[in-house]
2 protein chains.
Amino acid sequence: MSTPTLRVLPLGGLGEIGKNMTVVELDDRIIIVDVGLRFPTAEMVGIDLVLPDFSYLRDRIDDIEAIVVTHGHEDHLGALPWILRDLKTQDIPIYGGPLTMAMARSKLDEHRLRDVECIDTKDGERYQIGPFELEMVHMTHSIPDASAVVLRNAAGTVLFTGDYKFDQTPVDGNPADIARLAEIGKEGVTLLCGDSTNVDRAGWSLSESVAGPHLEEVFSRCDGRIIVTCFASNIHRVQQVVDAAAALNRKVALIGRSMKKNTNIGKSLGHIDLPDGIQIQPREIDQFPDHKVVVVSTGSQGEPLSALRRMAYKDHHQVQLKKGDTIVFSATPIPGNERAVNETVDRLYEMGCTVITTKDAPIHASGHGYAEEVKLMLNLTKPTYVMPFHGDHKRIQMHADLAEAVGVPAANIFKGENGKPLQIDGKGARFVDKVQSGVIYVDGVDLGEEADAALRDRRMLAGDGIFVVVATISEQTGESVADPEVIFRGVPYSVDEEQLIDEIRDGVDASLIQAAKDGVHDLDALQSILHDDLAALVFKKLKRRPMVMPVVVEV
Amino acid sequence: MSTPTLRVLPLGGLGEIGKNMTVVELDDRIIIVDVGLRFPTAEMVGIDLVLPDFSYLRDRIDDIEAIVVTHGHEDHLGALPWILRDLKTQDIPIYGGPLTMAMARSKLDEHRLRDVECIDTKDGERYQIGPFELEMVHMTHSIPDASAVVLRNAAGTVLFTGDYKFDQTPVDGNPADIARLAEIGKEGVTLLCGDSTNVDRAGWSLSESVAGPHLEEVFSRCDGRIIVTCFASNIHRVQQVVDAAAALNRKVALIGRSMKKNTNIGKSLGHIDLPDGIQIQPREIDQFPDHKVVVVSTGSQGEPLSALRRMAYKDHHQVQLKKGDTIVFSATPIPGNERAVNETVDRLYEMGCTVITTKDAPIHASGHGYAEEVKLMLNLTKPTYVMPFHGDHKRIQMHADLAEAVGVPAANIFKGENGKPLQIDGKGARFVDKVQSGVIYVDGVDLGEEADAALRDRRMLAGDGIFVVVATISEQTGESVADPEVIFRGVPYSVDEEQLIDEIRDGVDASLIQAAKDGVHDLDALQSILHDDLAALVFKKLKRRPMVMPVVVEV
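Residues numbered from 1 in each chain as written. Chains lettered and ligands numbered in written order. Predicted model: local features only at pLDDT ≥ 70, side-chain atom pairs only at ≥ 80, totals over all residues. Heavy atoms only, no water.

Under an unreviewed UniProt entry, the name given to chain A is Ribonuclease J, and the source organism is Paraconexibacter antarcticus. In its Function (unreviewed entry) section, UniProt records this for chain A: "An RNase that has 5'-3' exonuclease and possibly endonuclease activity. Involved in maturation of rRNA and in some organisms also mRNA maturation and/or decay." A UniProt comment under Subcellular location (unreviewed entry) is attached to chain A, and it reads "Cytoplasm". (UniProt positions renumbered as here; feature names shortened; annotations may be inferred.)

Below, the structure is given as structure tokens:
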């Protein structure tokens with residue numbers, strides 16, 4: 001019998017290894033851990049979502065045993081509908097905790113993918129999936145029902161931590177299962193793929209339950225309305241806001257689609273408990289005195305269409321902010337969102353509102369463990385090999401340094417990259433040849449490879465604008481039979497406009513005459529010649545390089 | 001004799017009042033305080049610089065007595081060439097400290113504005129400029145030669161703090177002139193326009209001279225090359241880097257155009273002292289052992305064309321970074337630059353470099369005073385009226401709160417906005433009607449109002465791409481005489497391309513037939529009809545709104 005070959009292949013994450021999706025292969029059987037998405041950066045003009053490139057899986061559909069999801073955040077499950085649409089199948093079962101699967105089902109429903117089997121896992125149970133045995137281990141994170149994923153197989157045990165922190169006092173009283181991690185460590189972990197998000201922070205993360213009393217303390221100093229914003233999926237945070245409101249005899253209104261949806265899912269699964277009569281509808285807010293109301297809203301990241309952003313721009317139909325309102329940001333900006341958050345905050349000040357952020361009081365706790373927690377994970381699981389996950393190069397390096405510090409030999413620590421499989425077999429562990437990886441942009445209503453080319457074009461259009469030149473020529477003679485049309489958009493001209501257009505027209509005529517002399521009659525060739533000649537002329541005149549689009553019409 | 005009327009009109013600054021330019025008018029005579037620019041945000045695609053809108057001044061050129069510049073930073077003097085070009089004059093004298101004027105002259109030279117009179121001021125001297133008496137008061141900031149501007153006039157004394165901190169141990173041993181501020185306060189200050197940048201930070205800012213010993217301590221732990229990045233204009237910081245290098249027997253190479261230029265100006269004016277033999281040329285770096293070299297580079301903000309960014313992207317011809325190099329960020333990211341800085345840092349980690357930032361050691365001190373310093377300024381100058389400057393709505397509000405806290409009556413505190421003049425006359429102080437204000441975008445080689453429209457077009461192009469449709473019609477009949485050309489760029493299509501183009505062609509023909517029936521023959525009208533019809537058709541098919549550009553050619 002030949003030795004089995006295990007490959008762990010991180011495939012998702014813009015600049016962060018293994019953040020959104022990882023493919024685990026034993027010989028030719030596949031389990032996928034997480035299928036998440038990313039939100040675009042400001043430079044990705046007009047792009048709505050960023051997905052992992054699924055092409056590696058397109059010829060392997062029949063080899064895929066299952067997808068396992070660690071927790072319900074968008075960057076770990078948001079691309080589930082997209083992978084199924086891309087692979088044109090609903091025949092891959094999805095495993096995950098009950099809340100995670102409730103969120104997955106809701107997402108799949110929106111895409112009308114109603115035939116997908118979503119299997120609620122129970123922590124500690126074992127699930128045989130092809131040649132893999134799956135076990136989920138309870139972890140704590142900024143969403144309930146987060147799990148580490150253990151995949152036992154003939155080549156060794158792989159442990160994905162997922163996103164986690166070792167919160168000793170989580171809001172639901174159910175800390176991460178350190179005992180089980182220790183047992184699995186004793187059994188033997190071949191490879192640990194661990195979260196690196198906060199590895200650059202020294203010490204131990206703040207417990208989620210620290211936020212509650214501070215929220216209540218902040219609320220107790222407010223005379224007017226209170227609007228709290230936090231991540232909609234942070235169900236325990238919403239619980240703490242509700243508890244603080246209840247303690248101060250305030251009603252609670254939930255605003256924002258995802259806030260209502262997640263709270264409903266959380267309620268139905270027992271993760272959140274709203275005392276009787278505390279919840280009011282957004283339309284009822286004005287029926288209560290200001291000091292009796294807490295609004296919980298989406299928009300903590302300054303997202304353009306979020307409820308809080310709309311309130312700040314006086315564009316929300318249910319909440320009109322006013323002097324005396326206090327807006328509490330119970331979240332910190334994700335790197336890259338600082339400007340959008342600052343803009344929102346400043347609008348709120350302009351309206352005369354008071355704004356409380358995490359700088360004013362400890363009203364937020366990160367969901368990712370700090371350096372000491374990463375070390376504890378390494379010491380509990382005692383892995384033979386370590387491949388740090390969820391981090392940029394800096395964090396991967398720092399995680400590797402911590403692994404060495406707790407005694408993992410440097411040769412057993414693998415700093416990976418997306419698309420590069422780590423192979424484990426009888427000869428040990430090593431990286432093997434890269435496979436196709438990257439991202440796919442989703443733009444508006446649909447996705448596709450065209451979006452990539454379109455994005456390149458749009459960057460060019462955005463940078464320098466466009467020149468359209470229409471030349472009308474005679475089919476018989478190739479001569480110009482009408483004045484060339486010259487139109488530009490997005491090009492600021494520093495020279496006389498009329499003169500520039502005249503020069504371009506002359507340039508078109510000159511190019512056409514030269515082309516006729518050279519015996520060029522093919523329309524594509526003519527357009528190509530015009531493009532090059534005009535681009536050179538425009539650069540000479542304007543010192544800029546707009547897109548030049550020549551159109552030759554034969555009549 | 002009628003009572004003189006004083007107006008203080010902040011005109012520059014994107015979302016920050018009075019940051020870049022302020023117009024001071026006594027009756028009809030004008031002094032301008034600072035003429036700075038801003039750098040574009042990521043959303044301003046293809047824009048190079050953002051200037052104050054100078055239109056208010058265009059009819060008032062003969063009324064302008066002078067420009068006074070508080071210090072040499074780009075956001076306070078960077079638009080000097082642009083205002084002079086806009087107003088088509090070199091006949092406005094410019095006042096400022098010697099370093100500030102050296103920087104101004106260098107900038108004006110680049111724009112070939114060599115006839116402008118730049119007058120080096122001396123702190124404490126009085127300059128009669130039309131109906132104003134100017135006095136500069138020595139302040140400390142993150143560039144030498146920063147001054148507060150006192151404008152005495154018949155309607156009262158106005159004091160602009162400029163950017164400042166009360167550094168008790170500045171690197172040149174010359175603290176802000178608190179005694180003179182106190183004297184001026186005793187004489188009587190009618191209006192204080194004070195810096196609010198760090199008003200949200202409690203306490204007192206760190207002294208610049210704290211950075212030096214920490215830089216040396218960081219350097220002493222490095223075995224390889226050290227590359228330090230800081231603002232090129234922070235001449236005292238460069239001095240401290242040089243001192244730390246000297247203490248550890250390392251040579252210093254300066255990299256980046258502005259780093260060399262500012263250090264040269266600083267040397268010629270005695271603000272920086274490079275020990276003999278310490279400076280080496282960039283091309284000589286490789287001739288010295290790694291542990292004997294410190295490189296001082298631009299790029300602390302992750303600027304795309306800066307030396308450090310190029311090094312991080314293996315694109316710098318003189319410095320090839322390698323494992324063992326330590327890169328020291330002796331600056332913090334300006335809000336909005338976080339992503340660019342993070343990207344640079346991560347590239348450095350990818351190359352195996354060590355990166356030290358202000359999170360690792362106190363190797364940077366802000367140039368702006370904190371809340372206690374703002375209170376000290378208020379107490380020293382005892383102004384009748386206060387108009388907080390240099391801040392967004394949040395900081396303006398916080399500055400106003402501090403002014404109230406030290407005893408300024410709320411009615412005497414004016415929360416202004418750009419374009420809104422504060423008028424002071426016999427009847428006290430009040431805001432009067434807004435004037436034209438805003439920003440002008442500089443795009444590539446030149447500026448102009450077109451850039452504004454071009455920016456709007458480019459945003460649209462960037463968001464959804466462009467459709468160009470060329471219809472060729474007979475001059476006689478108005479009928480289509482060639483198949484319409486349909487071309488698109490930057491539009492990802494989710495439907496069959498051929499079919500979409502056919503439908504658009506049919507749409508063009510239908511619109512033309514309808515227009516002919518309706519008796520429309522005017523080309524502009526035809527294009528307008530085509531635009532509306534096609535935009536509707538495209539939206540129906542693609543659910544997106546690219547720019548639609550119809551071209552009708554008559555033959």
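Asks: Before we move on, can you summarise the overall build of chain A with the specific residues and values?
Replies: Helix and strand content of chain A: 15 helices and 26 strands. Taken along the three principal axes of its C-alpha coordinates, chain A extends 85 × 75 × 45 Å. Within chain A, the proportion of its 555 residues that are buried is 59%. A sequence separation of at least 24 residues applies to 72% of the contacts in chain A between residues at least 6 apart. Here chain A displays about 22100 Å² of accessible surface, and carbon together with sulfur accounts for 47% of that area. Across chain A, 58 positive and 84 negative side-chain charges occur, with their mean positions spaced 5 Å apart. (Helix = DSSP H or I, 4+ residues; strand = E, 2+ residues; numbered from the N terminus. Buried < 20%, exposed > 50% of the residue type's maximum accessible area, 1.4 Å probe, protein only. Contact = heavy atoms within 4.5 Å. Areas by Shrake-Rupley, 256 points an atom, 1.4 Å probe, with all protein chains shown as cover. Lys, Arg positive; Asp, Glu negative; His and termini not counted. Charge placed at Lys NZ, Arg CZ, Asp CG, Glu CD.)

Asks: Residue-level account of the packing of helix α11 (residues 371-381) of chain B against helix α12 (residues 393-405) of chain B, with values.
Replies: Residues and elements named next belong to chain B. Two numbers describe how α11 lies on α12: the axes approach to 10 Å, and their chain directions differ by 55 degrees. Considered as vectors, α11 and α12 are oriented oblique to each other. Judged by the sense of rotation from one axis to the other, the crossing of α11 with α12 is right-handed. Contacts between α11 and α12 involve Ala371, Val374, Lys375 and Leu378 from the former and His399, Leu402 and Ala403 from the latter. (Axes fitted to C-alpha atoms, helices over the stretch in contact; angles between N-to-C directions. Parallel < 35°, antiparallel > 145°, perpendicular 65-115°, else oblique. Left-handed = near helix turned anticlockwise from the far one by under 90°.)

Asks: Explain the packing of aromatic side chains to me, using residue names and the numbers behind them.
Replies: Residue and element names in this part refer to chain A. The full count for this structure, using the stated rule, is ten aromatic pairs over all chains. Measuring from centroid to centroid gives 6.0 Å for tyrosine 385 and phenylalanine 414, while their planes differ by 65 degrees, and the two rings are edge-to-face. Of this pair, tyrosine 385 sits in strand β19 (residues 385-386) while phenylalanine 414 sits in the loop between α12 (393-405) and β20 (422-425), placing them 29 residues apart in sequence. Residue classification places tyrosine 385 among the buried positions, given a relative accessible area of 14%. Under the relative-accessibility criterion, phenylalanine 414 is labelled buried at 8%. An aromatic cluster is built from Tyr385, Phe414 and Phe431, whose rings are joined through pairwise contacts. The positively charged end of lysine 420 is found above the aromatic ring belonging to phenylalanine 431, 4.6 Å away from the centroid. (Phe/Tyr/Trp six-rings, centres within 6.5 Å; stacked < 30°, edge-to-face > 60°. Lys NZ or Arg CZ within 6 Å of the ring centre and 35° of its normal.)

Asks: Give a detailed account of the domain arrangement of chain A, specifying residues and quantitative values.
Replies: All names here are of chain A. When cut into domains, chain A gives domain 1 (6-203 + 366-448), domain 2 (208-356) and domain 3 (455-554). Here domain 1 and domain 2 have C-alpha centroids that lie 31 Å from each other. With 15 residues of domain 1 at the contact, the number on the domain 2 side is 14 residues. Both faces considered, domain 1 and domain 2 share a buried interface measuring about 1300 Å² in area, 61% of it formed by carbon and sulfur atoms. (Domains from an automatic or database assignment. Buried area = accessible area lost by both parts, 1.4 Å probe.)

Asks: For the sheet that holds strand β8 (residues 126-129) of chain A, give the residues involved together with the corresponding values.
Replies: Residue and element names in this part refer to chain A. Here we have six strands laid out as an open sheet, ordered β8-β9-β10-β11-β12-β19, and mixed in their pairing. Edge positions in the sheet fall to β8 and β19, since each of these pairs with one other strand and no more. Strand direction decides the pairing type here: strand β9 (residues 132-139) and strand β10 (residues 146-152), joined by seven bridges, are antiparallel. Following the sheet pairing, glutamate 133 is matched in β10 by arginine 152. Most of the contacts of helix α5 (residues 178-187) go to β9, to which it runs at about 145 degrees, and overall it touches β8, β9, β10 and β11 (158-160). (Pairing = 2+ DSSP bridges.)

Asks: Explain the UniProt feature "binding site: substrate" (unreviewed entry) in chain A to me, and be specific about the residues and the numbers.
Replies: All names here are of chain A. Residues given the UniProt feature "binding site: substrate" (unreviewed entry) here are His364, Ala365, Ser366, Gly367 and His368. Its place among the elements puts histidine 364 in the loop between β18 (354-356) and α11 (371-381). On the accessibility criterion, histidine 364 (17% relative accessible area) is buried. Polar side-chain contacts of histidine 364 include one of 2.9 Å to the side chain of arginine 237. (Polar contact = N/O pair within 3.5 Å; in protein donor to acceptor, adjacent residues only side chain to side chain.)

Asks: Give a detailed account of the pairing of strand β13 (residues 226-229) of chain A, specifying residues and quantitative values.
Replies: Residue and element names in this part refer to chain A. With burial as the criterion, each face of β13 is covered, one bearing Ile226 and Val228 and the other bearing Ile227 and Thr229. Of the pairings in the sheet, the one linking β13 to strand β16 (residues 293-297) comprises four bridges and is parallel in character. Considered in β16, the bridge of isoleucine 227 is made with valine 295. Sheet topology note: the β13/strand β17 (residues 326-329) ladder contains four bridges and is parallel. Following the sheet pairing, isoleucine 227 is matched in β17 by isoleucine 327.

Asks: Residues and numbers for the packing of helix α3 (residues 80-87) of chain B against helix α4 (residues 98-110) of chain B, please.
Replies: Residue and element names in this part refer to chain B. The interhelical angle for the contact between α3 and α4, taken along N-to-C directions, is 50 degrees, at an axis separation of 9 Å. Taken together, the axes of α3 and α4 lie oblique to each other. Read as a crossing pair, α3 and α4 show a hand that is right-handed. In this structure, α3 contributes Leu80, Pro81 and Leu84 to the contact, and α4 contributes Ala104, Lys107 and Leu108. Counted by class, the contact of α3 with α4 contains five nonpolar, no polar and one charged residues. (Nonpolar A, V, L, I, M, F, W, Y, C, P; charged D, E, K, R; others polar.)

Asks: Which residues make up the sheet that holds strand β10 (residues 146-152) of chain B, and what values do they have?
Replies: All names here are of chain B. Strand order in the open sheet formed by six strands is β8-β9-β10-β11-β12-β19, with mixed pairing between adjacent strands. At either margin of the open sheet sits one strand with a lone partner, and together these are β8 (126-129) and β19 (385-386). Pairing analysis gives four bridges linking β8 to strand β9 (residues 132-139), with the strands arranged antiparallel. Following the sheet pairing, isoleucine 129 is matched in β9 by phenylalanine 132. Strand contacts of helix α5 (residues 178-187): β8, β9, β10 and β11 (158-160), with the helix running at about 145 degrees to β9, the strand carrying the most contacts.

Asks: Hey, could you go over the pattern of salt bridges for me, with residue numbers and the actual values?
Replies: Under the counting rule described, the total for this entry stands at 70 salt bridges over all chains. For B:Glu503, the salt bridge identified is with B:Lys541, shortest N-O distance 2.7 Å. Of this pair, B:Glu503 sits in helix α14 (residues 497-517) while B:Lys541 is found in helix α15 (residues 523-542), placing the two residues 38 residues apart along the sequence. Take B:Glu503: its relative accessible area is 23%, and that puts it in the partly exposed class. Within the structure, one salt-bridge network assembled from shared partners comprises A:Arg126, A:Glu133, A:Glu135, A:Arg152, A:Arg180, A:Glu183 and A:Glu187. (Salt bridge = Lys/Arg side-chain N within 4 Å of Asp/Glu carboxyl O.)

Asks: Residue-level account of the confidence of the model for chain A, with values.
Replies: Of the residues in chain A, 95% reach a pLDDT of 70 or more, and the chain-wide mean stands at 91. For this predicted complex, the interface score ipTM comes out at 0.76, while the overall pTM is 0.81. (pLDDT = per-residue confidence, 0-100.)

Asks: How would you sum up unusual backbone geometry? Please name residues and give values.
Replies: All names here are of chain A. Its identity is not glycine, yet asparagine 249 carries a phi of approximately 60 degrees, on the positive side. Secondary-structure assignment places asparagine 249 in the loop between α7 (235-247) and β14 (251-255). The class for asparagine 249 is exposed, based on a relative accessible area of 56%.

Asks: Kindly report on the state of the cysteines, identifying the contributing residues and their values.
Replies: Where two cysteines share a covalent bond between their sulfur atoms, that bond is called a disulfide. Per the stated rule, a full pass over the model turns up zero disulfides over all chains. Of all cysteine sulfurs in the structure, the one in B:Cys353 sits closest to B:Cys222, which takes part in no disulfide; the separation is 11 Å. (Disulfide = S-S within 2.5 Å.)

Asks: Run through a negative patch on the surface, naming residues and quoting values.
Replies: Residue and element names in this part refer to chain A. The grouping of Asp483, Asp496, Glu497, Glu498, Asp502 and Asp506 at the surface amounts to a negative patch. Ranked by residue count, the leading element in the negative patch is helix α14 (residues 497-517), at four residues. Position of aspartate 502 among the secondary structure elements: in helix α14. Taking the relative accessible area as the measure of exposure, aspartate 502 reaches 39% and is therefore partly exposed. (Patch = residues over 30% accessible without salt bridge, like charges linked within 9 Å, V, L, I, M, F, W, Y side chains within 5 Å.)

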